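Working through the structure, step by step
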Amino acid sequence: MFVAINYITCLPDYIERFESLFKTRVHAIDTMPGFIRMEVLKPHNPGIEAPYLVVSHWENEAAFRGWADSDSFRKGHARAFADLKEAQAEGKPRPMNSRFVTYEVLTE
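What this report covers is the structure whose coordinates are included nearby.

What counts, and where the lines are drawn
Residues numbered from 1 in each chain as written. Predicted model: local features only at pLDDT ≥ 70, side-chain atom pairs only at ≥ 80, totals over all residues. Heavy atoms only, no water. Bend = angle between axes of the 7 residues up to and from the residue. Helix = DSSP H or I, 4+ residues; strand = E, 2+ residues; numbered from the N terminus. Buried < 20%, exposed > 50% of the residue type's maximum accessible area, 1.4 Å probe, protein only. Contact = heavy atoms within 4.5 Å. Polar contact = N/O pair within 3.5 Å; in protein donor to acceptor, adjacent residues only side chain to side chain. Pairing = 2+ DSSP bridges.

Here the focus is helix α3 (residues 71–89). At A78, α3 is bent by approximately 60°, the largest bend along its length. All of the buried residues along α3 are F73, A80, D83, L84 and A87. Along its buried surface, α3 packs onto α1 (15–23), α2 (61–68) and β4 (96–104). Put simply, S70 is the residue that caps the front of α3, since its side-chain oxygen is 3.3 Å from the backbone nitrogen of S72.

Have a look at this one:
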């Protein structure tokens, strides 16, 4: 199994929008070959600044790479990409930042 984790931080005034994007997602990833499941983890520890985690599980790295290079990926992220583009056009800071880290499952 292959796991991709996207570590996402949001500006405080973007958190509600970010959560809404995931709650109303288009489910583009769900039908991708090799996709197993996804969780979106919201930080829960008061007083501790932590990123959201978007954890996707795949049969293998090739399946994940297929998703990341697909039209479905672009469709699934279109609203967030538009938000980033709008902020840039207005000279505002990025409302969110993300960093992907990929993993092989060592043990279950």
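Of all the seven residues making up strand β3 (residues 52–58), six are buried; the element is thus mostly covered by neighbouring parts of the structure. Judged from the seven bridges that link them, strand β1 (residues 2–10) and β3 form a sheet pairing that is antiparallel. Bridge assignment links I5 to a residue of β3, and that residue is V55. Where strand β2 (residues 35–41) and β3 come together, six bridges link them in antiparallel fashion. Bridge pairing in β3 places V40 opposite V54.

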